[in-house]
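The chain contents come next:
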Amino acid sequence: MHILVTGGAGYIGSHTCLELLAAGYRVTVIDSLVNAKEEAIRRVEQLAGQSVRLAVVDLRDRDGVRQLLADSPEPVDSVIHFAGLKAVGESVEKPLLYYQNNLTSTLTLCEVMLEFGIRRLIFSSSATVYGDPATVPITEDFPLSCTNPYGRTKLMIEDILRDINRAEPTFQVALLRYFNPVGAHHSGQIGEDPAGLPNNLTPYITKVLIGELAELQVFGNDYPTPDGTGVRDYIHVIDLARGHVKALTKLQENPGLVTYNLGTGRGYSVLDVIRAYEEVSGKTVSYRIAPRRPGDIAACWADPSKAARELGWQAQLGLKEMCRDSWNWQLKNPTGY
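Everything quoted here is computed from the prediction, not taken from an experiment.

## A short note on the overall build of the protein
Turning to step 1, where the next piece is worked out: From N to C terminus, the protein includes 11 helices and 14 strands.
Turning to step 2, where the next piece is worked out: Radius of gyration (C-alpha) of the protein: 19 Å, near the 20 Å computed for a compact globule of 337 residues.
Turning to step 3, where the next piece is worked out: Considering only C-alpha atoms, the protein reaches an extent of 55 × 45 × 40 Å along its principal axes.
Turning to step 4, where the next piece is worked out: For the protein, the computed accessible surface area is about 14200 Å², with 49% contributed by carbon and sulfur atoms.
Turning to step 5, where the next piece is worked out: The distance from the centre of the 33 positive side-chain charges to the centre of the 39 negative ones in the protein is 1 Å.

Rendered as structure tokens:
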């Protein structure tokens, strides 16, 4: 089978391309490279010993997407859709940019998919669609709400895909709601390479450990959690990537529209993560407590039992492996790609 991966040069996309190749799929990547590097794809090819076709095209460019599919040496069977802007803070500052980019690119993709008879789509959604959950762990039937424009684009795209599926029942969709992806490939050849100041906790910690950043700010230590800091469900990016391979198999059964949480089912606090990095690196993480950030919630972790039951998938790698692998990536790539 031939899989089109949008945003495939990005962090989760590149790791998923590697797992797809290992599972015997052929892969084409479409990526604007606005927030990614072509080097990531070169390293995926090196690790896999196989080639990946890369098209540098913005998904909002309808003619460019059409041309890519028309020129494909073999028909595309399924699409995994990662492409999109994803920084929560930036989305609050630039909501129009996020709505225009994330929604328009998805609409264009779906229109061209239908035009070319491609009827399987895996969408990279997010646990942000659950807003501030009343309880944890979170199951897929929890109420949906959002606290920022980035999260709202994810929820709006889910709604769009649900509507397309109702109108076109043969259009198979898997909505994968990620929790907090961390880690890197064990080789240290591909990993998370944020542009500018990292938005996520773990790359910020590794940059503090190598001395690029002076200290980590821990936003709030007065939450109703065991140590007062925010608790999240961190999942190794390799486990997450393998979840997409399992979801592809599921879509071949023509299930209609399915939704799965991809998480470990366990929450770790910010201080837990700091201690784990100190253990794997043998260094001390410099941090200070700062006021809570508006919109942050106390605790969020998944109930991943539905994915285990229906996909035969569950996370295999723990926090120590996540920290070990991202630290290895940082050491081998101090300036990223």
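## A short note on the nonpolar core
Turning to step 1, where the next piece is worked out: Counting 37 residues, the largest nonpolar core has Val5, Leu20, Val27, Ile122, Leu176 and Leu262 as its most contacted members.
Turning to step 2, where the next piece is worked out: Those elements that place two or more of their residues in this core are strand S1 (2–6), helix H1 (11–22), strand S2 (26–30), helix H2 (38–48), strand S6 (172–178), helix H8 (237–251), strand S11 (257–262) and helix H10 (305–311).
Turning to step 3, where the next piece is worked out: The element best represented in this core is H8, accounting for 7 residues.
Turning to step 4, where the next piece is worked out: Ignoring sequence-local partners within four residues, the contact set of Val5 consists of Cys17, Leu20, Val27, Thr28, Val29, Ile30, Ile80 and Phe82.
Turning to step 5, where the next piece is worked out: Counting residues in hydrophobic clusters, the runner-up holds 24 residues, among them Ala55, Leu109, Ile118 and Ile164.

## Regarding the side chain of Lys250
Turning to step 1, where the next piece is worked out: Positionally, Lys250 belongs in helix H8.
Turning to step 2, where the next piece is worked out: In this structure Lys250 touches Pro255, Tyr260, Glu310 and Leu311, once residues within four positions along its chain are discounted.

## Topic: the UniProt feature "domain: NAD(P)-binding" (unreviewed entry) in the protein
Turning to step 1, where the next piece is worked out: Residues given the UniProt feature "domain: NAD(P)-binding" (unreviewed entry) here are residues 4–325.
Turning to step 2, where the next piece is worked out: In residues 4–325, helix accounts for 40% and strand for 17%; the two terminal C-alpha atoms are 27 Å from one another.

## Description of helix H11 (residues 319–332)
Turning to step 1, where the next piece is worked out: The terminal C-alpha atoms of H11, which comprises 14 residues, lie 20 Å apart, in line with the 20 Å expected from a rise of 1.5 Å per residue.
Turning to step 2, where the next piece is worked out: Of all the residues in H11, the buried ones are Leu319, Met322, Cys323, Asp325, Ser326, Trp327, Trp329 and Gln330.
Turning to step 3, where the next piece is worked out: Considering only its buried residues, H11 is in contact with H2, strand S7 (180–182), helix H7 (201–209), strand S10 (234–236), strand S12 (268–269) and helix H9 (270–281).

## Considerations on the packing of aromatic side chains
Aromatic ring pairs: the centre-centre distance and the angle between the two ring planes describe each pair.
Turning to step 1, where the next piece is worked out: Applying the stated rule across the entire model yields 3 aromatic pairs.
Turning to step 2, where the next piece is worked out: Within the aromatic cluster, the residues linked to one another by ring pairs are Tyr130, Phe142 and Phe179.
Turning to step 3, where the next piece is worked out: The side chain of Arg292 reaches across the aromatic face of Tyr223, ending 4.0 Å from its centre.
Turning to step 4, where the next piece is worked out: Lys306 extends its terminal NZ or CZ atom over the ring of Tyr260, reaching a point 5.2 Å from the ring centre.

## Remarks on the side chain of Ser14
Turning to step 1, where the next piece is worked out: Looking at the element boundaries, Ser14 is found in helix H1.
Turning to step 2, where the next piece is worked out: Judged by relative accessible area, Ser14 falls into the buried class, the value being 1%.
Turning to step 3, where the next piece is worked out: Contacts of Ser14, omitting those with residues within four sequence positions, involve Gly8, Ala9, Ala40, Val44 and Ile190.

## Examining the environment of Leu240
Turning to step 1, where the next piece is worked out: Along the polypeptide, Leu240 turns up in helix H8.
Turning to step 2, where the next piece is worked out: Placed 36 residues apart in sequence, Leu240 and Tyr204 show a C-alpha to C-alpha distance of 21 Å.
Turning to step 3, where the next piece is worked out: If sequence neighbours within four positions are ignored, Leu240 has contacts with Ile12, Tyr178, Pro181, Ile235 and Leu262.

Definitions and cut-offs
Residues numbered from 1 in each chain as written. Predicted model: local features only at pLDDT ≥ 70, side-chain atom pairs only at ≥ 80, totals over all residues. Heavy atoms only, no water. Helix = DSSP H or I, 4+ residues; strand = E, 2+ residues; numbered from the N terminus. Rg over C-alpha atoms; globule rule 2.2 N^0.38 Å. Areas by Shrake-Rupley, 256 points an atom, 1.4 Å probe, with all protein chains shown as cover. Lys, Arg positive; Asp, Glu negative; His and termini not counted. Charge placed at Lys NZ, Arg CZ, Asp CG, Glu CD. Core = buried A, V, L, I, M, F, W, Y, C linked by side-chain atoms within 4.5 Å. Buried < 20%, exposed > 50% of the residue type's maximum accessible area, 1.4 Å probe, protein only. Contact = heavy atoms within 4.5 Å. UniProt positions renumbered as here; feature names shortened; annotations may be inferred. Expected span 1.5 Å × (residues − 1). Phe/Tyr/Trp six-rings, centres within 6.5 Å; stacked < 30°, edge-to-face > 60°. Lys NZ or Arg CZ within 6 Å of the ring centre and 35° of its normal.

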